[in-house]
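Below are the chains, spelled out letter by letter.
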Amino acid sequence: MADSPLSLSERAGGEGDGKPLDLVLLGPAGAGKGTQSRRIADKYHVPHVASGDLLRMHRDRKTELGLSAMRYMDRGALVPDDLVISMIVDRMRQPDANHGILLDGFPRTVAQATALDGELEAEGRELKLALYLEVPFDVLVQRAAGRWTCRTCQTTYNYDVNPPRRPGICDVDAGELYQREDDRPEVVSERIRVYLEDTVPVVDYYRERGILREVDGTQDIETVAAEIERQLEAAVW
Ligand code: AP5
Ligand code: MG
């Protein structure tokens, strides 16, 4: 690994190896984590690892993990820590994560956050930044109701703010767009309740460590992306 880290702009240009860029994107259901993560991952060349997307992939493949997880996901509850932690640790150990990782939707409990610290520490790495997308709860319920997700690559759309070029078809891989079972208003309300109970303590955990940066997620998608980029440039190197 190189001694001197790449600047973010060099990393964005895809040049050489740099210090690992390990990031976490936090925020409640529908805050825009997936939307922004795809942009950050493309720009800074880090793999985007979304725990919810991985769990849905397991569900679609009917693996043992997927079938257990589905029972929790469909009612808006968290999947047990041991299952999620081992799934993410396995993913972090794949070679494409050697130079950094962008985690979306993980950690969601303090136990997950400490497991992440342990895994990074074992590799001589350290979390650089936890970005927190803040959006009021009434907006979240509206966003979830208007969300369409690609069945294959999980890219999300909204017909008002970021519609696909062809209705019902993903721009990225032409996959079918569908509405997630857990985007029904009553399930979204439960996801928000769980978020307040289990994930707000994770926000506090990173705030106390001094690595939390808050971003107003109610702004339009491009403005949020620009604000994230500004925070990244200011905080990481
Ligand atoms: P997961 O898939 O992670 O869902 P979530 O965290 O609830 O978040 P969402 O994916 O719903 O929202 P998002 O923030 O990605 O928003 P998006 O960009 O799509 O988790 C699902 C379930 O899996 C959990 O309930 C749990 O059961 C389980 N699970 C996952 N991780 C776990 C873990 N670590 N531990 C235990 N269990 C776990 O945007 C939403 C919509 O808004 C889109 O339509 C988008 O186009 C639109 N939009 C985005 N940004 C903007 C903007 N700035 N303005 C207007 N519209 C916008
Ligand atoms: Mg998401």
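Refer to the preceding data block for the structure.
Keep in mind that what you see is a predicted model, and the values were worked out from it rather than measured.

## Here we look at the sheet that holds strand 7 (residues 177-178)
For step 1, the next point in the chain: Pairing in this open sheet of three strands is antiparallel, and the strands run 6-5-7 from one edge to the other. The strands lining the two open edges of the sheet, one partner per strand, are strand 6 (156-158) and strand 7.
For step 2, the next point in the chain: As judged from the three bridges shared by strand 5 (residues 147-150) and strand 6, these two strands associate in the antiparallel manner. Looking at the pairing, Thr149 lines up with Thr156 of strand 6.

## Thoughts on the site of ligand 1
For step 1, the next point in the chain: Residues in close proximity to ligand 1 total 35 residues, the closest being Thr35, Ala77, Arg108, Arg147 and Arg191.
For step 2, the next point in the chain: Val79 is positioned such that a nitrogen or oxygen atom in its backbone is 3.0 Å from a nitrogen atom of ligand 1.
For step 3, the next point in the chain: Side-chain polar atom of Arg191 to an oxygen atom of ligand 1: 2.5 Å apart, as the coordinates give it.
For step 4, the next point in the chain: Bound to the protein, ligand 1 loses 96% of the 1000 Å² it would expose on its own.
For step 5, the next point in the chain: Sorting the residues of the shell around ligand 1 by element identifies helix 2 (33-44), helix 3 (51-61) and strand 6 as the ones contributing at least two each.

## With respect to the sheet that holds strand 4 (residues 129-134)
For step 1, the next point in the chain: Taken in spatial order, the five strands line up as 2-3-1-4-8 in an open sheet, and their pairing is parallel. Each edge of the sheet is formed by a strand with only one pairing partner; in this case those strands are strand 2 (48-50) and strand 8 (212-216). Across this sheet, the average inter-strand angle for adjacent strands is 20°, counted without regard to direction.
For step 2, the next point in the chain: In this sheet, strand 4 lies alongside strand 1 (residues 21-26) in parallel orientation, the contact comprising four bridges. Counted as the bridge partner of Leu26 is Tyr132 from strand 4.
For step 3, the next point in the chain: Helix 2 rests against strand 1, strand 2, strand 3 (100-104) and strand 4 of the sheet, and its axis sits at about 165° to strand 1.

Scoring rules and cut-offs
Residues numbered from 1 in each chain as written. Chains lettered and ligands numbered in written order. Predicted model: local features only at pLDDT ≥ 70, side-chain atom pairs only at ≥ 80, totals over all residues. Heavy atoms only, no water. Pairing = 2+ DSSP bridges. Helix = DSSP H or I, 4+ residues; strand = E, 2+ residues; numbered from the N terminus. Near = heavy atom within 4 Å. Polar contact = N/O pair within 3.5 Å; in protein donor to acceptor, adjacent residues only side chain to side chain. Areas by Shrake-Rupley, 256 points an atom, 1.4 Å probe, with all protein chains shown as cover. Axes fitted to C-alpha atoms, helices over the stretch in contact; angles between N-to-C directions. Contact = heavy atoms within 4.5 Å.

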